Amino acid sequence: MRIVVLNGSPKGELSITLQYVLLIRKKFPEHQFKVFNVAQEIRKLEKDDGAFKEVIDEVRASDGVIWSFPLYFLLVPSHYKRFIELVFERGAGEAFSGKHAASLSTSIHFFDHTAHNYINAICDDLDMRYVGAFSPHYHDLMKEAERERLILFARHILRAIESNAPTHKSFAPLLRSGFEYQPGPAPASVPVGDKKVLILTDGEKGQVNLERMVQKVRQSFAGQAEVVNLHDVDIKGGCLGCLLCAYDSRCAYSGKDGYMEFFNSKVKTADVLVLAGAVRDRYLSSRWKLFFDRSFFNTHIPIMMGKQIGFVISGPLRQIPNLREILEGWGEGQQANVVGFVTDECEDSVELDALLLRLAEQLVQFAVEGYRRPVTYLSVGGRKIFRDEIWGGLRFVFQADHRFYSRHGVYDFPQKRYRMRAIVAVMMLLTKIPRFRDEFRRRTKVEMVKPYQKLVERA
Ligand SMILES: Cc1cc2nc3c(=O)[nH]c(=O)nc-3n(C[C@H](O)[C@H](O)[C@H](O)COP(=O)(O)O)c2cc1C
């Protein structure tokens, strides 16, 4: 069989994910696996119709497609996202239609599920037959049991293609609305005081609702509120995945484009950030993805700490909970306060005016009060993953992270809580005595709530 592998790593042949594919290729010599480095070659694919057509023709002639990619900021890299946009823009979807597909990524498991949901949804939109996802930790290839798991996965995929297995679509097609937002007269503005407000948008000509929503939210702030269009920021290209930044947060693009200067001078210094964009396929645009990916020069340091963030989105966000989770996960993971989302889905201009004003009010109010809502699993889970990865195998690579984590108490492993450890050790011993154990089990509920009850009484 002929399998096309769409390699989404900007590192091309040096991709770790690709090594998983190459192992599969070795184990199944009876099948042909043709690899296209579509992320690394994205500039060429954008400019050279012939090169793009070559990939699409191979897809058309293939029996199945493997979407192979590294996780970048809770999704696929911006270059890969751009490739997917090109497929839709150039009407090349018919080449994918009806083909069986699978996704394979490597990562440290931080929001790998959202990236695979995205590719699954793209496959459903392309009318492909999505068979499944394989998402190992990038180091798993070194373990025999994990290699066996990979081969079993490949066998399962190849069998599904051979037998023309039926597949289930997980994501319903998106319904787009024709609503046109007509903003009302300028509302009473929210005084921003000494807070710095930055509104980032990727608005393009013709995105009427997005443009008007950005204008409206801008008008809602009285005082300094700067609007920057990401298309006006000098960004030469996507993250190269080179990890030059890991030692001291310096990017390979330093001095070559304006992204770092823009990010350091505008984004990092803002108290309030409004991120505005339009839904494009199952995410925002690849320009937005470029913004997120290139911020990796800050590695795993939560640079949005303490900022208030609001999202203003044009398009069917309610139908894409995966996208909402990605945006919230990014904001929370950065230790910012995600204040809320406003979209044009209410299809009512008066209501939309009010929602945008309310968002502006809350952003400023929370910035003044220093309010941050309690974190959820999105942040707690991520923090623990990064803590363990940087403490472990990645410390010598990500030395900037290690220095930051050491200074800021991110290494909060429980073993340093000596009092708690002593209590736990004594309790463990006591529960070995049957009478104590029975009494303890009987009183667990009452004893657990006691300290909290006392606190409420005293308050
Ligand atoms: C810009 C950037 C963003 C990343 N974002 C994530 C992420 O969101 N989640 C995750 O688990 N790993 C993330 N990683 C780690 C990569 O996914 C991981 O190192 C992967 O194995 C690289 O694969 P490759 O060699 O095929 O490019 C990121 C790495 C880079 C360079």
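How each quantity is defined
Residues numbered from 1 in each chain as written. Predicted model: local features only at pLDDT ≥ 70, side-chain atom pairs only at ≥ 80, totals over all residues. Heavy atoms only, no water. Pairing = 2+ DSSP bridges. Helix = DSSP H or I, 4+ residues; strand = E, 2+ residues; numbered from the N terminus. Right-handed = clockwise from strand over helix to strand, strands pointing away. Near = heavy atom within 4 Å. Polar contact = N/O pair within 3.5 Å; in protein donor to acceptor, adjacent residues only side chain to side chain. Areas by Shrake-Rupley, 256 points an atom, 1.4 Å probe, with all protein chains shown as cover. Nonpolar A, V, L, I, M, F, W, Y, C, P; charged D, E, K, R; others polar. Salt bridge = Lys/Arg side-chain N within 4 Å of Asp/Glu carboxyl O. Buried < 20%, exposed > 50% of the residue type's maximum accessible area, 1.4 Å probe, protein only.

A look at the pairing of strand β2 (residues 32-36)
The pairing of strand β1 (residues 2-7) with β2 spans 5 bridges and is parallel. Pairing of Ile 3 across the sheet is with Phe 33, part of β2. For the segment spanning β1, helix α1 (residues 16-27) and β2, crossover handedness is right-handed.

Section: the site of the ligand
As a structural note, the neighbourhood of the ligand is formed by 18 residues, with Ser 9, Ser 15, Thr 17, Leu 71 and Thr 106 the closest of them. One of the backbone nitrogen or oxygen atoms of Leu 71 is found 2.7 Å away from an oxygen atom of the ligand. Residue Phe 73 places a main-chain N or O atom 3.0 Å away from a nitrogen atom belonging to the ligand. Starting from 650 Å² of accessible surface for the ligand in isolation, the protein chains cover 91%. A class-by-class count of the residues in the shell around the ligand yields 11 nonpolar, 6 polar and 1 charged.

Brief notes about the pattern of salt bridges
Tallying each qualifying case throughout the model produces 34 salt bridges. As a salt-bridge pair, Glu 146 and Arg 149 come within 2.8 Å of each other at their nearest N and O atoms. Pair noted here: Glu 146 and Arg 149 are both in helix α6 (residues 144-162), with a separation of 3 residues, about one helical turn. Look at Arg 149 and you get partly exposed, because its relative accessible area is 46%. Among the salt bridges present, the one from Glu 332 reaches Arg 373, with a minimum N-O distance of 3.9 Å. Of this pair, Glu 332 sits in helix α11 (residues 321-333) while Arg 373 sits in the loop between α12 (349-369) and α13 (377-391), and the two are 41 residues apart along the sequence.

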